[in-house]
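So the chains spell out like this:
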Amino acid sequence: MLSTGENKAYKAREVAEFIVAQYHDYVTYERGLDLTIYRLHALLYFSQVYFVTRHDKRLFEDDMAAWTCGAVVPEISLRYRIFGGNRIRLNYDEGFTTPITEKDQEEIMKVILSLEDYHTFDLIDIILMQTPWREAKERTRVRIDGTYPGIVKIEDIKEFFK
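Residues numbered from 1 in each chain as written. Predicted model: local features only at pLDDT ≥ 70, side-chain atom pairs only at ≥ 80, totals over all residues. Heavy atoms only, no water.

A. Highlighting empty space enclosed by the protein. Summed over the entire model, instances satisfying the criterion amount to one cavity of 30 Å³ or more. Of the pockets and cavities examined, the largest cavity occupies roughly 30 Å³. For the largest cavity, the full set of lining residues is Gln48, Arg58, Asp62, Asp63, Met64, Val152, Ile154 and Ile157. Taken together, the residues of the lining of the largest cavity break down into four nonpolar, one polar and three charged. (1 Å grid on protein atoms, 1.4 Å probe; cavity = no way out; pocket = protein on both sides within 12 Å on 5 of 7 lines; lining within 4 Å. Points joined across faces, edges and corners; volume = space filled by probe spheres on them. Nonpolar A, V, L, I, M, F, W, Y, C, P; charged D, E, K, R; others polar.)

Laid out in structure tokens, this is it:
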């Protein structure tokens, strides 16, 4: 996978595209695991946690909101909602490039492979039990004009995993 970027916080869309491409190229076909929107969000969350706790930096700059189904990047939900709870089916040709550095790609793959034995809903249950999600959920506000989910704060992740 070609890298075009530097060591910086990426956009969640870029990280999601990398994860989807990895599932398409390796995990789905080699390991027989499907990637759904729920698993994608869980992998984004755990990848963010990994970078925050191991490297003291965000992997991606987008905020994650505390939704009922876990920590969610709203833009990613909009982008992949067409698949519902089914397998994300996107084909990336061999010319796929990413701004994610090779070192960061390797780190993300560590997270993906370390979680491959967990069922998607077990990963969500783990997230729902963790303080960063629970505190964000408490910050959720329901008003007449809609629901405003609380944001999972990076500071809460650092505190919880220290």
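B. Looking closely at the pattern of salt bridges. In this structure the tally under the stated criterion is ten salt bridges. A salt bridge links Arg87 to Asp34; the nearest nitrogen and oxygen atoms lie 3.6 Å apart. In this pair, Arg87 sits in the loop between helix 3 (74-80) and strand 4 (97-98) while Asp34 sits in the loop between helix 1 (12-31) and helix 2 (37-55), placing the two residues 53 residues apart along the sequence. On the accessibility criterion, Arg87 (23% relative accessible area) is partly exposed. Its relative accessible area of 40% is what places Asp34 among the partly exposed residues. Among the ionic pairs, Asp56 bridges to Lys158, the shortest N-O distance being 3.2 Å. One end of the pair, Asp56, is in the loop between helix 2 and strand 2 (64-67); the other, Lys158, is in helix 7 (residues 154-161), with 102 residues separating them in the sequence. Salt bridges here are not isolated pairs; linked through shared partners, they connect Arg13, Glu17 and Arg79. (Salt bridge = Lys/Arg side-chain N within 4 Å of Asp/Glu carboxyl O. Helix = DSSP H or I, 4+ residues; strand = E, 2+ residues; numbered from the N terminus. Buried < 20%, exposed > 50% of the residue type's maximum accessible area, 1.4 Å probe, protein only.)

C. Main features of the layout of surface pockets. As a volume, the largest pocket reaches approximately 200 Å³. Lining the largest pocket are Phe46, Val49, Tyr50, Lys110, Val111, Ser114, Leu115, Tyr118, Leu123, Ile126, Gln130 and Phe161. Elements that contribute at least two residues to the lining of the largest pocket include exactly helix 2, helix 4 (102-114) and helix 5 (120-129). When grouped by side-chain class, the residues that make up the lining of the largest pocket number nine nonpolar, two polar and one charged.

D. Layout of the side chain of Thr36. By the secondary structure assignment, Thr36 is in the loop between helix 1 and helix 2. Residue contacts for Thr36: discarding those within four places in its chain leaves Gly85, Asn86, Arg87, Ile88 and Thr120. (Contact = heavy atoms within 4.5 Å.)

E. Layout of helix 5. Those residues of helix 5 that sit buried are Thr120, Leu123, Ile124 and Ile127. Take helix 5 and look down its axis: the buried residues cluster within an arc of 100°, on one side only. In this structure, the buried residues of helix 5 make contact with helix 2, strand 3 (70-72) and helix 6 (131-138). (Arc of directions from axis to C-beta.)

So, to be careful, I would describe these as geometric facts and stop short of saying anything about function.
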